[in-house]
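Structural description and commentary
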Amino acid sequence: MFQLSPEEWQAVALSLRVALWATLAALPPGIFIAFALARWEFPGKQILNGLVHLPLILPPVVTGYVLLLTFGTRGPIGAPLKEIGIVFAFRWSGAALAAGIMAFPLMVRAIRLSIEAVDPKLEQAGATLGASRLWVFATVTLPLILPGILAGAILAFAKAMGEFGATITFVSNIPGQTQTLPSAIYAFLQVPGGEASALRLVVVSVAIAMTALMLSEILSRKIAKRVAGT
Amino acid sequence: MFQLSPEEWQAVALSLRVALWATLAALPPGIFIAFALARWEFPGKQILNGLVHLPLILPPVVTGYVLLLTFGTRGPIGAPLKEIGIVFAFRWSGAALAAGIMAFPLMVRAIRLSIEAVDPKLEQAGATLGASRLWVFATVTLPLILPGILAGAILAFAKAMGEFGATITFVSNIPGQTQTLPSAIYAFLQVPGGEASALRLVVVSVAIAMTALMLSEILSRKIAKRVAGT
Amino acid sequence: MSLDVAIRHSFGTFSLDIAFKAPPGLTVLFGRSGSGKTTIINAVAGLFRPDAGRIAIGERALFDSAQRIWLPPHKRRLGYIFQDARLFPHLTVRQNLLYGRWFAPKSGPQEPLDNVVEMLGIGPLLTRRPGGLSGGERQRVAIGRALLANPRLILADEPLAALDEARKAEILPYFERLRDETSVPILYVSHAPAEVARLATSVVALQNGGVARQGSATEVLGDPSVTPLGAGAAGAVLEARVTAHHPDGLSELTAGDLRLLVPHVARAPGTPLRVHVEAQDVMLATRRPEGISALNVLPATVTALRLGEGPGALVQLDAGGNVILSRVTRRSVAALDLREGQQLYAVLKAVSVAKDGIAGTDPG
Amino acid sequence: MSLDVAIRHSFGTFSLDIAFKAPPGLTVLFGRSGSGKTTIINAVAGLFRPDAGRIAIGERALFDSAQRIWLPPHKRRLGYIFQDARLFPHLTVRQNLLYGRWFAPKSGPQEPLDNVVEMLGIGPLLTRRPGGLSGGERQRVAIGRALLANPRLILADEPLAALDEARKAEILPYFERLRDETSVPILYVSHAPAEVARLATSVVALQNGGVARQGSATEVLGDPSVTPLGAGAAGAVLEARVTAHHPDGLSELTAGDLRLLVPHVARAPGTPLRVHVEAQDVMLATRRPEGISALNVLPATVTALRLGEGPGALVQLDAGGNVILSRVTRRSVAALDLREGQQLYAVLKAVSVAKDGIAGTDPG
Amino acid sequence: AAQADDVTVFAAASMKNAMDEVAERYGEETGNKAVISLAGSSSLARQIQAGAPADVFISANVGWMDTLEEEGLIDAESRTDLLGNAIVLIAHDAGATPVEIAPDLPLADMLGEDRLAMALVDAVPAGIYGKAALESLGLWDGVAPKVAQADNVRAALALVATGEAPMGIVYATDAAAEPDVTVLGAFPKDSHPPIVYPAAVLAESDTPIAAEFLDYLQGPVARAAFERQGFTVLTE
Ligand SMILES: Nc1ncnc2c1ncn2[C@@H]1O[C@H](COP(=O)(O)OP(=O)(O)OP(=O)(O)O)[C@@H](O)[C@H]1O
Ligand SMILES: Nc1ncnc2c1ncn2[C@@H]1O[C@H](COP(=O)(O)OP(=O)(O)OP(=O)(O)O)[C@@H](O)[C@H]1O
Ligand SMILES: [Mg+2]
Ligand SMILES: [Mg+2]
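As the structure is a computational prediction, the values presented were derived from the model and not from experiment. (Residues numbered from 1 in each chain as written. Chains lettered and ligands numbered in written order. Predicted model: local features only at pLDDT ≥ 70, side-chain atom pairs only at ≥ 80, totals over all residues. Heavy atoms only, no water.)

Regarding its fold elements, chain C presents nine helices and 20 strands. Taking 364 residues into account, the globule formula puts the C-alpha radius of gyration at 21 Å, and chain C, at 22 Å, falls close to it. If one aligns the C-alpha atoms of chain C with their principal axes, the spans along those axes are about 65 × 50 × 35 Å. Partitioning the contacts of chain C with sequence separation of at least 6, the portion at a separation of at least 24 is 65%. On chain C, roughly 12,900 Å² of surface is accessible, and the fraction owed to carbon and sulfur atoms is 50%. Taking the average location of the 40 positive side-chain charges in chain C and that of its 34 negative ones, the two points are 7 Å from each other. (Helix = DSSP H or I, 4+ residues; strand = E, 2+ residues; numbered from the N terminus. Rg over C-alpha atoms; globule rule 2.2 N^0.38 Å. Contact = heavy atoms within 4.5 Å. Areas by Shrake-Rupley, 256 points an atom, 1.4 Å probe, with all protein chains shown as cover. Lys, Arg positive; Asp, Glu negative; His and termini not counted. Charge placed at Lys NZ, Arg CZ, Asp CG, Glu CD.)

Following this line, the structure appears as structure tokens:
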């Protein structure tokens, strides 16, 4: 039963790549926005917060469609990017973009919650010892929110592994290029007799995500232990 | 442009009802499981954790299909429930179940993160003053994680407002009974020229979710201020 | 009720192995920073489960590794004043104070909130939340919270460390009352000799996770061979009794055959009192000095003489049946030709005795 | 360098309105719990921005509401020892200690880590994380962290409160050295009279958010009309100098025309020293007493006499050009017929002076 | 297309089995590679509107092909109605007796309190055809409140297969392959607009093998594959 066809292997590899990149690329802006939302007051904060949550609220098809309109090669962002050689449409990078955007709210929330849990008194202590805001962030806040970042990243990774609606709407379902595991599963489910094949892929997808989840739990426990101090 | 048809109003009302119930019903088990994952060690913990994340990883159609198989009137859970008069299939309650399950991992993560941020020393202090575990939870942990619960709830609400794949697969789309906003939006997007109609509904959906988001931010800030102490 | 503690535990490099019996009253744990005081208190509270041992109040075991007994903290009826206050940040000060009340049995005597609030001077804080409190305010609320829980065992980990002298002077009598008027055993950590001398029924001195010495306050503080509180703290503890109040504001105490004058003590005649006389406050004279301000000139006999390694010496005296210690220089030992059995006078200023050694003293 | 502080701020019911100038050296802030000490220190550190005022070190303004100057904390080059230690939980003790080093300019004298670690006795903790440290261990690491940041301003909020006497005795000289050998201004909060007397160059007494009194340590502690540390703490601070070391372990000090014998002081002859003589340790005698253990019998003249409301009285004396205070009972005032201008003897035990009043004293 | 000998085909997802087979055979025979991207017709059409690098489009939905043609996005010359299909009424019950689907069919009564599973009746082709058929037979008003609309025909099939809905309307192709459903009857051909899958080469396609592949789809190999999946092949 676990013989995967070369195309399916491709889909596995692509899903992994997409989910990894989506997660990694979303992390820096995710951390930054989470920090801004947790610690700063600025005009438009509520709007930013709303924007971040948008992909959660909209049906994925709508998000995918919006991406297609804006990041497509003829879209207002896609066209100029194409000029400088960056193309998302119908590339795996587009799948990563879609997955990253869909996963973004989950990641930001998790990181934001951990930032809010950091005692500002520790950050103050860092400042009195000469660390500028940025250094305080890097040496105090960041290490203390590592478990939150990890939680955000794993949520994002899981979401990216499962993301389908926005991806297939934005970059279609081209084997070897944009066909991720969920898209492949979807295609199997559209025809008679495809269930067994779909199930195989579901199992693979779940196995990957569970492994990632387990690793993150172990890592997170390690971090927590260090901070608890022994 | 903002004339909604009576059917669309129904969809709006239904979406609100579904999202609210999904969120409310998910809260108690969400808090419980988050607590178990954050504070207890027990065999099968990793499996529970995996199960909770499953709806995130699986394509929504698969989740919907699994729900249909288990909670359908002939499913292993649905059949006995039917005996006692609880039916999910083709009911708004089924939509709420699907939305709740899809939103569950987001909620649990948020709450779990806040539980992990509660200083166990405060809980110990409660215990020394005579509070049993349950009382410590109710009087110390719970009030301290309110912001996390709120964050989890609002994430779940937003997700439930946007959930579509699992819902339509499980309870299909019956106007007035299971047709939520995302289903309606999806339907509009399937036909050429439906974009304008879809947009109207998207705007309504976003407006509702943004309002909820804003309220939660205000509430959460109030809670945080109280705890910071003045 | 007495408290029995015998525990063994090891944390990596630090290992604890102690056993002591705290008689009814107040037992002071002291020892240098890191000697294991908080660890012991946590074990008694049930916040930490030692590798092995037994902890019991009277006959009731709280923990017994051999019999696999383990009473969870919330069943121990504790009043634990933590070294770090640990107030509940989401509750107001009043709610913090009353927290233990929710869980305490409603029967039995209840300390009225108002008394405790007044003693601690936290009335104006009641509606605030702990967030903005000062260090000392926090500490006081933490004391109140523990005391108001109607505990059957009080654990106090340096409860007064963050407080000013005036505030300490207001709170100390409260602990004395608890010690004297209730049967609640109190385990009290303190570094301050004044507190130890004044409060301790019994003293357990810890060193590197072991018990270095244990005994009654009189024994431990009066033993010239141990100076666990530092040389400066050696002193005698006299069990005295108020005999009279003089119109010029002085009170007269009797301890054995001794008569002592001290500044006014707000206790009725007949009340028993503990008086701490620090060795360094006792001057020796070979003839009765005259024309001096010191009011207490006590005939005494040298019973022991111990020369330290430095320039000092500790002289143990018997004065009217009481043991008194005096700290003098070796030079004086030579100049006065001090010997065991010698008759002389111990000279003691009234105000020195009052310094911190007596309950209810009015700081004049 | 001196520190100028003038701030106004109000938190709901509590309002702060203070102005003081801290001369070079160590300025002790004291006052009862909740009087605003931590608030002031936080304002100086830049952790809290008062409604109005000005804070400056020498000519350099850290904060000036009129000129809209606000230097962020990380540019103030601070060494802040927090009342709650605030160690970084994710860093080891060593990393905590060296944290400030990353940001301090590499030029200039650097205190070696080892010295500080040894003074604080935290060598065995270096590789541990703060999580499992005891209260006192935490506090010591916090002291080390602040001192190792090469600060140009030290803020110490009850740094020794959680420590045992022996440990305090080891750390106090370090603060004395900082005070005497560097130009770093130190703002130091303490409730302990011994610390105040020993460390303070200048003292600011706070009450309810205002400055109740300010002056040099000698002035504040020597003024019989104020007893901000409680009556027990009144005392004189003598500016003395080591003149000789005697073979029997005593050291000889000179203050004005006065010669004092005290237990060995580990300073070279010629070193200036501050000696705190508590009023309650000074006995008065109308004729020179003989055959007594006290080594210091100082001819003195009564310059002021102040009867308190209780049974006590404070007598101000001139002894060889020094102001000395003595606390006696009213009964003694009557018995000795004390009057201003009277010639008499102040009797002082060597060990009493040594108690906590002198730097570098070997606790014999 | 990425390479000269690659052809990218956007095809409705319901054609997966047949298209996979055709593409494989095409590759073996010509050495060229047909890359098949399967998704909903609406997604694919929108992607083509946004400039997708596809060469051939096969839609399950005539409306979308019309839209693309109006916008000049396909080579109108090449457009051809490739496949046909039929819609059938199915039941979960294995022993159900076949019925004749005619205006007198008591469909509403047969359903009772239960649901009729269909694809979205205003959005998804199978649903649109089904609704049209019921309307022309005069049955729609009776059953409309009982229709459970799934987002695609496969989901509607699943509702019947699990027994959640006792009856449904799906393509004959899907019904044939699902063992858990019984076909009650086919809708008369004239009760709904013809069910066709139009195919066309895209206007922007720059590979000559696009037309070649479209031809291949109409050849014998493809015909056999399509017929094996139950489609009617409309081209000669
Ligand atoms: N945010 C705030 N809101 C209201 N009151 C406050 C706030 N911060 C401080 N206070 C009050 O200001 C007063 C001064 O506090 P501060 O911490 O400066 O006292 P402190 O002198 O350091 O006392 P302690 O010796 O107890 O540490 C206290 O009564 C405190 O309750
Ligand atoms: N989890 C732990 N891991 C390693 N060492 C620990 C742990 N917990 C406590 N210790 C060590 O045990 C020793 C005793 O700690 P404890 O808190 O009982 O000291 P203490 O007597 O209360 O000191 P202090 O007066 O400073 O509060 C300390 O040296 C501490 O570092
Ligand atoms: Mg401790
Ligand atoms: Mg303070």
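Scanning chain A for helices and strands turns up 10 helices and zero strands. Sequence-ordered secondary structure for chain A, helices as α and strands as β, is α-α-α-α-α-α-α-α-α-α. Taken along the three principal axes of its C-alpha coordinates, chain A extends 65 × 45 × 30 Å. Evaluated residue by residue, chain A yields a buried proportion of 65% over its 230 residues. A separation of at least 24 residues holds for 72% of the contacts in chain A among residues at least 6 apart in sequence. About 8,800 Å² of surface is accessible on chain A, with carbon and sulfur atoms providing 72% of the total. (Buried < 20%, exposed > 50% of the residue type's maximum accessible area, 1.4 Å probe, protein only.)

Here we take up the environment of A:Gln190. Inspection of the secondary structure puts A:Gln190 in the loop between helix H9 (181-189) and helix H10 (195-228). As for A:Gln190 and A:Thr211, which are separated by 21 residues in sequence, their C-alpha atoms are 28 Å apart. In this structure, A:Gln190 is in contact with E:Ala13, E:Ser14, E:Asn152, E:Arg154 and E:Asp174, ignoring residues within four places of it in sequence.

Another aspect to go through is the packing of aromatic side chains. Both the distance between ring centres and the angle between the ring planes are used here to describe each pair of aromatic rings. Evaluation of the coordinates by the stated rule reveals 38 aromatic pairs over all chains. Aromatic side chains D:Phe88 and D:Tyr99 sit 4.5 Å apart centroid to centroid with 45° between the ring planes, which places their arrangement in the tilted category. Here D:Phe88, found in the loop between strand E7 (78-81) and helix H2 (93-98), pairs with D:Tyr99, found in the loop between H2 and helix H3 (113-120); they are 11 residues apart in sequence, far enough to count as distant. When the ring centre of D:Trp70 is taken as origin, the NZ or CZ atom of D:Arg76, which lies over that ring, is 4.6 Å away. In this arrangement the basic side chain of E:Arg46 is found over the ring face of A:Tyr65, its NZ or CZ atom lying 4.6 Å from the centre. (Phe/Tyr/Trp six-rings, centres within 6.5 Å; stacked < 30°, edge-to-face > 60°. Lys NZ or Arg CZ within 6 Å of the ring centre and 35° of its normal.)

All names here are of chain D. Surrounding the magnesium ion (ligand 4) are the protein donor atoms Thr38 (OG1) and Gln83 (OE1), which sit 1.9 to 2.3 Å from the metal. Of this pair, threonine 38 sits in helix H1 (residues 37-45) while glutamine 83 sits in the loop between E7 and H2, placing them 45 residues apart in sequence. Assessed through its relative accessible area of 23%, threonine 38 is described here as partly exposed. For glutamine 83, a relative accessible area of 22% gives the class partly exposed. (Donors = N, O, S within 2.8 Å, 3.2 Å for Na, K, Ca; no water.)

All right, on to the interface of chain D and chain C then. Counting from both sides, the interface comprises 62 residues of chain D and, opposite them, 64 residues of chain C. Across the chain D-chain C interface, the total number found is eight salt bridges. The shortest N-O distance in the salt bridge between D:Asp164 and C:Arg32 comes to 3.0 Å. Elements with a contribution of two residues or more to the side of chain D that touches chain C: helix H4 (135-147), helix H5 (165-181), strand E14 (258-263), strand E16 (283-285), strand E19 (322-329), helix H8 (330-336) and helix H9 (350-357) of chain D. Partitioning the side of chain D that touches chain C into residue classes produces 25 nonpolar, 21 polar and 16 charged. (Salt bridge = Lys/Arg side-chain N within 4 Å of Asp/Glu carboxyl O. Nonpolar A, V, L, I, M, F, W, Y, C, P; charged D, E, K, R; others polar.)

Once chain D is rotated about the relating axis by 180° and shifted along it by 0.0 Å, it coincides with chain C to within an RMSD of 0.1 Å. Seen this way, the second copy is the image of the first under a two-fold rotation axis. Distance from the rotation axis, computed per C-alpha, reaches its smallest value in chain D at D:Ala161: 2.8 Å. Interface overlap between copies is the fraction of interface residues in one copy that are interface residues in the other; for chain D against chain C it reaches 100%, indicating a shared surface. (Least-squares fit on C-alpha atoms with pLDDT ≥ 70 in both.)

Residues and elements named next belong to chain A. Under the 1.5 Å per step criterion, the end-to-end length of helix H7 (residues 133-162) is only 37 Å for 30 residues, more than 12% shorter than the ideal 44 Å. The largest bend along H7 reaches roughly 55° and is located at leucine 146, with the proline proline 147 sitting one to four residues downstream. Within H7, 23 of the 30 residues are buried, which leaves the element mostly enclosed by the surrounding structure. (Expected span 1.5 Å × (residues − 1). Bend = angle between axes of the 7 residues up to and from the residue.)

Within helix H9 (residues 181-190) of chain B, nine of the 10 residues are buried, leaving the element largely enclosed by the surrounding structure. Of the positions making up H9(B), those classed as buried are B:Leu181, B:Pro182, B:Ser183, B:Ala184, B:Ile185, B:Tyr186, B:Ala187, B:Leu189 and B:Gln190.

Residue and element names in this part refer to chain C. Domain annotation for chain C reports domain 1 (3-221) and domain 2 (235-360). Put simply, the middle of domain 1 and the middle of domain 2, counted by C-alpha atoms, are 32 Å apart. Taken together, the contact between domain 1 and domain 2 spans 11 residues of the former and 11 residues of the latter. Both sides together, the interface formed by domain 1 and domain 2 hides about 850 Å², and carbon and sulfur atoms give 46% of it. If you sort the residues of domain 1 by the area they bury against domain 2, Arg198, Thr218 and Leu221 come out on top, with a joint share of 51%. Applying the counting rule to domain 1 against domain 2 returns zero salt bridges. Linking domain 1 with domain 2 are zero residue pairs in polar contact (both at pLDDT 80 or more), by the criterion used here. Listing elements by their share of the side of domain 1 that touches domain 2, those giving two or more residues are helix H5 (165-181), helix H6 (193-199) and helix H7 (217-222). When residues in the side of domain 1 that touches domain 2 are grouped by element, the largest group, four residues, is from H6. (Domains from an automatic or database assignment. Buried area = accessible area lost by both parts, 1.4 Å probe. Polar contact = N/O pair within 3.5 Å; in protein donor to acceptor, adjacent residues only side chain to side chain.)

Residue and element names in this part refer to chain B. Relative to the helices and strands, tryptophan 21 resides in helix H1 (residues 6-39). Overall, the relative accessible area of 48% leaves tryptophan 21 in the partly exposed class. On a C-alpha basis, the gap between tryptophan 21 and glycine 152 in space is 14 Å, while along the polypeptide they are 131 residues apart. For tryptophan 21, the residues in contact, after removing those within four places along its chain, are Ala26, Trp92 and Ala96.

This part takes up the nonpolar core. In terms of nonpolar packing, the biggest core is built from 205 residues, with E:Met19, E:Ile58, E:Leu116, E:Leu134, E:Phe213 and E:Phe226 touching the most fellow members. Looking at which element gives the most residues to this core, the answer is H10(A), with 10 residues. If near-sequence neighbours (up to four positions away) are discounted, E:Phe213 is found in contact with E:Val7, E:Val9, E:Met19, E:Val22, E:Tyr26, E:Ala34 and E:Val56. (Core = buried A, V, L, I, M, F, W, Y, C linked by side-chain atoms within 4.5 Å.)

Residues and elements named next belong to chain A. For the pair H9 and H10, the least separation of the axes is 8 Å and the interaxial angle reads 160°. Here H9 is positioned roughly antiparallel relative to H10, judged by the angle of their axes. Crossing hand, H9 versus H10: left-handed. Contacts from Leu181, Ala184, Ile185, Phe188 and Leu189 in H9 reach Glu195, Ser197, Ala198, Leu201, Val202, Val204 and Ser205 in H10. (Axes fitted to C-alpha atoms, helices over the stretch in contact; angles between N-to-C directions. Parallel < 35°, antiparallel > 145°, perpendicular 65-115°, else oblique. Left-handed = near helix turned anticlockwise from the far one by under 90°.)

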